[in-house]
Each structure stands twice: as C-alpha cells, then as structure tokens.
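# Topology and contacts: notes
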Amino acid sequence: MSALNICNHCKILVKKIPENITLASEFQGVCNLCVNLLTQTDTIIQSLLNSVKGYEFNTYRIDIQEVPIIATTHLFLFEKVHDIYLKKPPRDLLREHLRAQLEDQLPDKEQVIHSNADIVITVDFSVDHPIVKRYGNFLKVNMAKRKRNKISRENLEKVCRKKNRDNFISFKPTTESLTFDFRFWKRSMLLGFNYNKYSRKISHSNSFGKLHEDNSVEEIIANKVAEHLKHDGHVFVSCGREDIDVLMLGNGRPAVLELKSPLLSTVSEEFLQNIENDINGNHKEIKVTKLRIVGPSHYKWIKSEAELKDKSYRCVVWSEKILTKEDFSIIPQGQIEIKQWTPLRVLHRRPNLERTRYIKNMRVEIIQPHWFVFYLTTQAGTYVKEFCHSDRGRTSPSLGGYLGTKTVITQLDVMNVHTKYT
Ligand SMILES: [Zn+2]
C-alpha cells in the first residue's frame, strides 16, 4: 500500500495514525486530506492583505466558503478506509490561522464575527469544476449549480455514513488542488442630493441602449463622483424620473447614488462641497445641490415612498382655436379626479390599464393667440402630457376636453417634487 500524502497542517489535525498506515515522509503535490485547502494559508494571507490595501475601514470579517461535498467525502474516506480521525475539519483550522494572522497583521483594525462589519472578505473555494460533479455522482447527490447550495453538510454526512468501506476504496479522490478566489464586500457609501436638469437632450438615467442620448444625469454625476471617490460600481435611485425632453426645475429632484465598495468610508463636508462644485462647474446642463452622506433609511424612502409624492409641472401648450381668458374659466378650481388608460406611446411595453389620479392647482398664463402656459400639480404617476392632449380620449377629463379644442403640448418641465426632503 502506498503512503498517504498529507500536508504538515493536516498531520497536526490527525488524532492518531494507525500502525498499518504510513505517511509520505515529504509532502508533495496535493494533500489527500485537505486537497490543499491548508497548504495555501500563507498565499491567502498575502492576497488578503493586498486586497484590503488602501481601503478605509475599522471592522472586518473573514469568511471561508468551500464545497462541503469534497471536504465531507475526504473526511469519511479517511475514517472508513484508513481509520484516521481528525481533531477538527481542515476548514476550521484554516479559519483559525487566517483570523490569528490577520489580528497580527492588522493591529489597528477590529476583527468581528457578526454581520455588521465594514468589510467582509470571503475566501471562496467553491469550485465550479468537473471534480465537484464526480463527487456528486459518487454520493448520488445532484451537484447542479442551482442545487449545490441547498445540500447541507448534515445531509452529506448522512449519505457518507451509509456507504461502506468498499465503496470508498473504489472511489478515486481528486489529484487536483482546490483553488481559491476572493469575494470582497465593503459597506456602500450613500450620497444623497437634489438635481436639476436644464437640458432636453440628456436623459434621467442610463437606458440600456434603447435610446441614443449622449448623456444622462446619472452618468454625468456618477462619472464626476468617481473622479473623487474610488469605488466599484454604483446604483442611481431617484424620487421618480422625468422624460428626456422634460426639464427638472425648482428645488430639484431628490436622488441617491450608492457607491459600491468605496475606498473611503468617511468624507468631510468640504470634500463633498468640492465634488458638488466640480459637477456644477463643468456641466451647465445639470445642477446638484445638498450633496451629503445619507443613511440607509433615506435610501429606502427614496426607493419606496418616492412615487407617492405630488409633482408640479409647467407646460407650454398650443391650441387649435384662439382662446380668450373667458374660455379658460371653465377649467375647474381645486382638486379633480381623472381616469387615464395607459398612454398609446407606452402601450407596447406596459399593460393596458385604467388608473385614477388627482390633479389640482391648475392655472393658465396666456402668451399669445394659440399659445399659453399651463401650470398644474398632480399626483405621482400621472401622465401629464396625456392629460393635456387627451391621448385620443384615453385620458378623461383632459385639458383639451375642457377647452373644446385640439391642444398640443410642446414643452414640459417639472417645477417641483413635493417631498419633505426638498
Ligand atoms: Zn492537508
């Protein structure tokens, strides 16, 4: 019988070597027991320290992810075939090594084991590799990617326990070393602000290639922020949105830019003021105000309740008939209720539904014959363009309907988003 090739770490883990077993005097290649999970400890530490370099953080957590099927199979293989038992699984020893060495190497940081760390680094051994499938076939468990995480260690142990010594003797364990990768998570930084948009050529956000606008509010702000604050991807969320040809005026629309894995955790007011000045100084088509760090509750609020807020608009309208002051007296004062079927222009991508919305504070300013400015405040989710021109009767009542003439909306601007944060 050939000697068992196990690494020096695993030698320490073994409770007792039976007399009939010989260990290879010098470890080489792949450890029969830990499949080189433990032999890579020093490399892992070095890579870990490199990956956190430059990041600002106070607390950190280290996790290890492996495919339990390999560890469990090897554990039982050693028990059933060689009668070798371990003091603890190799993964536990690796975790202890990593924790102890990082304590030494990062003396001014606090290592935590709870979920609330500034940085979480996962050493990931979860190989997507034919060997995993082969182990699955041996134990007759489905190792398809989707099912893999649902198989508990306890279940695997149960399956292994049922197999006898001969089953394990016939199994050929892998001769390939496990390889690791890192998953790195750092708490996001949430930048809150209000934005104004003064151009009808830039859109609200990046639009997955459907429109061909050159630029968007999201892109302009995110690109500038990235010049000041290094991070790894962002999410842009705002309190509703406006169409590309609509200006956003007044106090601006509240929004949040979530910066993922930012290098810095804290920034001064002065630093933020600099970013704000840089955006506003270089992009006349938008304006950012009140740039600040916000908490998760603000972010949640923007995401959820934002769509419930009233908005005020200004529309420039052309009417087929020349209208006088008296013609406009028919427009109701106070709040009215309207019914809107899904607009024709978005019908191809949204279900055809009727919705009820309210409109209030309607006011008109005549500019010249055929032309007037229409001011109104609407419930969030109202299709304003359609309320003006009636969308072939799909919105009722409508401005055109009240005035008894064809109306065309030529310009639309958001004057205000009515939120407690503006
Ligand atoms: Zn080993």
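Residue positions are counted from 1 within each chain, in the order its sequence is given. Where local features are concerned, this predicted model is filtered to residues with pLDDT of at least 70; where side-chain atom pairs are given and counted, the filter is 80 or more; whole-chain, interface and lining totals use all residues.

Moving on, we get to the sheet that holds strand β4 (residues 181-186). Being paired, for any two strands, means DSSP has found at least two bridges between them. A helix here means a DSSP run of H or I that spans at least four residues, while a strand means a run of E at least two residues long, and both kinds are numbered starting from the N terminus. Across the sheet, four strands lie side by side as β2-β1-β3-β4; this open sheet has mixed pairing. Of all strands in the sheet, those bounded by a partner on one side alone are β2 (110-111) and β4. Of the pairings in the sheet, the one linking strand β3 (residues 119-124) to β4 comprises six bridges and is antiparallel in character. Looking at the pairing, Asp124 lines up with Asp181 of β4. In this fold helix α2 (residues 41-52) packs onto β3 and β4, with an angle of close to 145° to the strand it touches most, β3. Contacts are defined on C-beta atoms placed from the backbone: any two residues whose C-beta positions lie within 7 Å are in contact. Lines are fitted to the C-alpha atoms to define the axes, a helix being fitted only along its stretch in contact, and any angle between axes, read from their N-to-C directions, falls within 0 to 180 degrees.

Another point: the domain arrangement of the protein. Split by domain assignment, the protein resolves into domain 1 (8-186), domain 2 (198-307) and domain 3 (309-417). Summarising the inter-unit geometry, the C-alpha centres of domain 2 and domain 3 are found 29 Å apart. Taken together, the 13 residues of domain 2 in the interface contact 10 residues of domain 3. Looking at the side of domain 2 that touches domain 3 residue by residue, the classes come out as seven nonpolar, three polar and three charged. The start and end points of each domain follow an automatic or database-based domain assignment. Three classes are used: nonpolar for Ala, Val, Leu, Ile, Met, Phe, Trp, Tyr, Cys and Pro, charged for Asp, Glu, Lys and Arg, and polar for all others, with Gly counted as polar.

Another aspect to go through is unusual backbone geometry. In this chain, Ser396 is followed by Pro397 through a cis amide linkage whose omega measures -10°. For Pro397, the location among the structural elements is in the loop between β13 (395-396) and α14 (399-403). Located in the positive-phi region is Val35, a residue other than glycine, with phi close to 55°.

Packing of helix α3 (residues 68-82) against helix α5 (residues 130-139) brings their axes to within 9 Å, and their N-to-C directions diverge by 55°. Overall, the two elements α3 and α5 adopt an arrangement that is oblique. Between α3 and α5 lies a crossing whose hand is left-handed. Note on element contacts: α5 touches α3 through Val132, Tyr135, Gly136, Phe138 and Leu139, opposite Ile69, Ile70 and Thr73. In what follows, roughly perpendicular refers to angles from 65 to 115 degrees, roughly parallel to angles under 35, roughly antiparallel to angles over 145, and oblique to any angle outside these ranges. For any pair of crossing helices, the crossing counts as left-handed if the nearer helix is rotated counterclockwise from the farther one by less than a right angle, and right-handed if it is rotated clockwise.

Right, let's get into the packing of helix α9 (residues 217-228) against helix α10 (residues 269-282). Following both chains from N to C, one finds α9 and α10 inclined at 135°, their axes separated by 10 Å at the closest point. In this view, α9 runs oblique relative to α10, as classed from their interaxial angle. Taken as a pair, α9 and α10 cross one another with a handedness that is right-handed. Here α9 contributes Ile221, Lys224, Val225 and His228 to the contact with α10, which in turn contributes Asn274, Ile275, Asp278 and Ile279. Across the contact of α9 with α10, the residue classes tally to four nonpolar, two polar and two charged.

Three exposure classes are used. Buried residues have 20 or more other C-beta atoms within 10 Å of their own C-beta, exposed residues have 12 or fewer, and partly exposed residues fall in between, all C-beta atoms being placed from the backbone. The alternating pattern of strand β12 (residues 371-378) places Phe372, Phe374, Leu376 and Thr378 on a buried face and Trp371, Val373, Tyr375 and Thr377 on a face that is not buried. Sheet topology note: the strand β9 (residues 311-319)/β12 ladder contains eight bridges and is antiparallel. Across the sheet, Cys315 pairs through a bridge with Phe374, a residue of β12. Between strand β11 (residues 354-368) and β12, which pair antiparallel in sequence order, lie two residues; one of them, His370, sits at a positive phi of approximately 75°.

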